[in-house]
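Below are the chains, spelled out letter by letter.
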Number of protein chains: 2
Amino acid sequence: MNFSSKLLENAVNEFSRLPGVGQKTALRLVLHLLNQPAHDIERFSDALTKLKTEICYCEICNNIADQTICEICRAPKRDKGLICVVEDTRDVMAIESTQQFHGVYHVLGGLISPMDGVGPSDLNIDKLVERLRNEDVHEVILALSATMEGDTTIFYLYKKLKDFKVQISTIARGIAFGGELEYVDEVTLGRSIATRVPYERSIA
Amino acid sequence: MNFSSKLLENAVNEFSRLPGVGQKTALRLVLHLLNQPAHDIERFSDALTKLKTEICYCEICNNIADQTICEICRAPKRDKGLICVVEDTRDVMAIESTQQFHGVYHVLGGLISPMDGVGPSDLNIDKLVERLRNEDVHEVILALSATMEGDTTIFYLYKKLKDFKVQISTIARGIAFGGELEYVDEVTLGRSIATRVPYERSIA
């Protein structure tokens, strides 16, 4: 693209580094920002700088937080013996919004993915083992994505944790609510038949 | 959404103010940035701040520039008597990339749109009239979008400029190269027949 200004070009290049943002979209965003009042842009760049410099990761669960211990780990009503292992903070938010989980979390910060050069040592796994060793944990739920990377990570975690006296479970996989049988892929459908549940349990 | 951190929430809110960016996309972008090195984020927020504080608008054509007069208006080879009127800097970039235009530009900064509260006085029209009055202009090309707002603006500009001794033209409308006749809408097809050009001219 032929930019009429170096400053414009710089800003567009910065935006187009974001995932899923091409040069045309970046230009649209930058021109939109340029039409906003100066203090709006200042607030934007302030929020970005503060994000990186002031944000904390919870010392217990590694979730993004404003303090050294996150709100969930501080909450007295939460069951500290029930740990839900997730990939990142987005998954914490998704599970929290269901209001079905009353334990605490452990954020891995990624999944094992040799293709992307992410090995077990890049993840927050040692701290999880330490939690199991030092705290009175009765169950670990592995709530990871149903992908190759997710399954690999679940398998690795299972091998690491199976010697502890703790129940290890994974979240249920099957047909989503509202899903029509004929459109479901065979693997999911096959597994959902193999792991069928008694009707009384499914409505509990 | 339930954010685990106020700083995270602020950054997501700033991003989701951008056009076409919802809360989920904003969160994805912010988490991506959070994984980048600190100096990358600093460069990002720097580019934004500088964009607003240091950018200039060309005193002649109103295009975005790094100096008070933009490169196109400064170029001695450009035909200063041929002015192409466009909506914004994106259109300048699009026309420049065709390498078919050797005149200069005039950037309106928008289109007349009563629905959005944009009237003629909000656009850079007075300066265009001044240019016609003071400079030796022989042709004005109105290269605006083929929308309601574009047509309204063209009509307004035509009434403003028609008393000057200058040729006023609009860019050709018709079927795009690679377009198949049967899929073209009736208005475009009808107009393209009404404004047909002799074959010798079409290959010139």
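Note that the structure is a prediction, hence the values are computed from the model and not measured. Counting restarts for each chain: residues are numbered from 1 in the order of the written sequence. Chains and ligands are labelled by the order in which they are written, letters from A for the one and numbers from 1 for the other. Per-residue local features of the predicted model are confined to residues with pLDDT of at least 70, and side-chain atom pairs are confined, for both listing and counting, to 80 or more; whole-chain, interface and lining totals are unaffected and use all residues. Water and hydrogen atoms play no part in the side-chain values, which are based on all heavy atoms of the structure.

## Topic: the overall build of chain A
Under the convention used in this document: In this description a helix means any DSSP run of H or I spanning at least four residues, a strand means any run of E spanning at least two, and both kinds are numbered starting from the N terminus. Only C-alpha atoms enter the radius of gyration, while the globule expectation follows 2.2 Å times N to the 0.38, with N the number of residues. Three labels apply to residues, based on accessible area from a 1.4 Å probe with only protein chains included: buried if under 20% of the type maximum, exposed if over 50%, partly exposed otherwise in between. Residue contacts follow a heavy-atom distance rule, with two residues in contact if any of their heavy atoms lie within 4.5 Å. Only the protein chains shown count as cover for residues, and all accessible areas are computed by the Shrake-Rupley method using a 1.4 Å probe. When charges are counted, Lys and Arg are positive and Asp and Glu negative, with His and the chain ends excluded. Note that the charge is assigned to NZ on lysines, CZ on arginines, CG on aspartates and CD on glutamates.
A count of helices and strands for chain A gives nine helices and six strands. Radius of gyration (C-alpha) of chain A: 22 Å, far over the 17 Å computed for a compact globule of 204 residues. Projected onto the principal axes, the alpha-carbon positions of chain A cover approximately 65 × 45 × 35 Å. In chain A, which comprises 204 residues, the share counted as buried stands at 40%. Of the contacts made within chain A by residues no fewer than 6 positions apart, 48% connect residues no fewer than 24 positions apart. Accessible surface for chain A amounts to roughly 12200 Å². Of this, 52% is attributable to carbon and sulfur atoms. Distance from the positive charge centre (23 side chains) to the negative charge centre (29 side chains) of chain A: 2 Å.

## Examining the relation of the copies chain A and chain B
Cut-off, in case you're wondering: Only residues with pLDDT of at least 70 in both copies count here: their C-alpha atoms drive the least-squares fit that superposes the copies.
The transformation that overlays chain A on chain B combines an axial shift of 0.0 Å with a rotation of 180 degrees, and the residual RMSD is 0.1 Å. The superposition operator between the copies reduces to a two-fold rotation axis. Among all C-alpha atoms of chain A, that of A:S45 lies closest to the rotation axis, at 2.3 Å. In this assembly, 100% of the residues forming the interface of chain A have copies in chain B that are likewise at the interface, indicating an isologous arrangement.

## Description of the sheet that holds strand β6 (residues 167–170) of chain A
Each strand in a sheet pairs with its neighbour through backbone hydrogen bonds, running either in the same direction (parallel) or in the opposite one (antiparallel). All names here are of chain A. Short version of the rule: Between any two strands, pairing holds if DSSP finds at least two bridges. Under this scheme, a helix contributes an axis fitted over its contacting stretch, all axes are lines through C-alpha atoms, and angles between N-to-C directions fall in the 0 to 180 degree range.
Strand order in this open sheet of four strands is β4-β3-β5-β6, and the pairing throughout is parallel. For this open sheet the edge positions go to β4 (103–107) and β6, each flanked by a neighbour on one side alone. Geometrically, the sheet is characterised by an average inter-axis angle of 25 degrees between neighbouring strands, direction not taken into account. Packing against the sheet, helix α5 (residues 89–98) makes contact with β3 (79–86) and β4, and its axis sits at approximately 160 degrees to β4. Packing of helix α6 (residues 125–134) onto the sheet brings it into contact with β3, β4 and β5 (139–142), and relative to β4 it is tilted by some 150 degrees.

## As for unusual backbone geometry
Comment: phi is negative for the bulk of residues other than glycine, and the bulk of peptide bonds are trans. Residue and element names in this part refer to chain A. One non-glycine residue, N62, lies in positive phi territory at about 70 degrees. Considering the arrangement of structural elements, one finds N62 in the loop between β1 (56–57) and β2 (64–65). Phi at Q99 is positive, roughly 60 degrees, even though this residue is not glycine. With respect to the helices and strands, the residue Q99 is situated in the loop between α5 and β4. Under the relative-accessibility criterion, Q99 is labelled exposed at 65%.

## A look at the environment of B:L8
Locating B:L8 in the fold gives a position in helix α1 (residues 6–16). Note on B:L8: relative accessible area 0%, which makes it buried. Distance in space between the C-alpha atoms of B:L8 and B:L34 is 9.4 Å, their sequence separation being 26 residues. Ignoring anything within four residues of it in the chain, the contact list for B:L8 reads A:L51, A:I55, A:I64, B:F3, B:L27, B:V30 and B:L31.

## A word on helix α6 (residues 125–134) of chain B
Residues and elements named next belong to chain B. Cut-off, in case you're wondering: The arc refers to the directions leading from the helix axis to the C-beta atoms.
Residues of α6 that are buried: I125, L128, V129, R131 and L132. Across the axial projection of α6, the buried residues extend over an arc of 155 degrees, all falling on one side. Those residues of α6 that are exposed and angled more than 90 degrees off the buried face are D126, R133 and N134. In the core, the buried residues of α6 are packed alongside β3 (79–86), β4 (103–107), β5 (139–142) and α7 (148–161).

## Describing helix α2 (residues 23–34) of chain B
Threshold: To estimate the expected span of a helix, subtract one from its residue number and multiply by 1.5 Å.
For α2(B), with 12 residues, the first-to-last C-alpha span of 16 Å sits near the 16 Å given by 1.5 Å per residue. Turning to α2(B), its buried residues are B:A26, B:L27, B:L29, B:V30, B:L31, B:L33 and B:L34. Buried residues in α2(B) make contact with α3 (38–54), β1, β2 and α5 of chain A together with α1 and α3 (38–54) of chain B.

## Here we look at the pairing of β4(B)
All names here are of chain B. Among the five residues that make up β4, five are buried, leaving the element largely enclosed by the rest of the structure. By the bridge criterion, five bridges tie β3 to β4 in an arrangement that is parallel. Within β4, the position partnered with I83 by the bridge is V104.

## Structural notes on the packing of helix α2 (residues 23–34) of chain A against helix α5 (residues 89–98) of chain B
Put simply, the rule is: Polar here means any residue other than Ala, Val, Leu, Ile, Met, Phe, Trp, Tyr, Cys and Pro, which are nonpolar, and Asp, Glu, Lys and Arg, which are charged; Gly is therefore polar.
Taken N-terminus to C-terminus, the directions of α2(A) and α5(B) make an angle of 145 degrees; their axes are 11 Å apart at the nearest point. Together, A:L27, A:R28 and A:L31 of α2(A) and B:T89, B:R90 and B:M93 of α5(B) make up the contact between the two elements. Residues belonging to the contact of α2(A) with α5(B) are distributed by class as follows: three nonpolar, one polar and two charged.

## Here we look at the UniProt feature "domain: Toprim" (unreviewed entry) in chain A
In plain terms, the rule: UniProt positions are given in the numbering used here, feature names are shortened, and annotations may be inferred rather than shown by experiment.
Mapped onto this numbering, the UniProt entry annotates "domain: Toprim" (unreviewed entry) at residues 81–176 of chain A. Helix makes up 35% of residues 81–176 of chain A and strand 20%, with an end-to-end C-alpha separation of 29 Å.

## Observations concerning the layout of surface pockets
Residue and element names in this part refer to chain B. The condition that has to hold: Only protein atoms enter the calculation, which uses a 1 Å grid: trapped sets of points that fit a 1.4 Å probe without letting it out are cavities, open sets showing protein on both sides within 12 Å along at least five of seven lines are pockets, and any residue with an atom within 4 Å of a point is a lining residue. Grid points are joined across faces, edges and corners, and a volume is the space filled by probe spheres set on the points.
Volume-wise, the largest pocket comes out at about 1500 Å³. Residue lining of the largest pocket: 33 residues in total, with T170, I171, A172, R173 and G174 positioned closest to the centre. Those elements that provide at least two residues to the lining of the largest pocket are β3, α5, β5, α7, β6 (167–170), α8 (186–194) and α9 (199–202). With four residues, the top contributor of residues to the lining of the largest pocket is α8. Approximately 1100 Å³ is the volume attributed to the second largest pocket.

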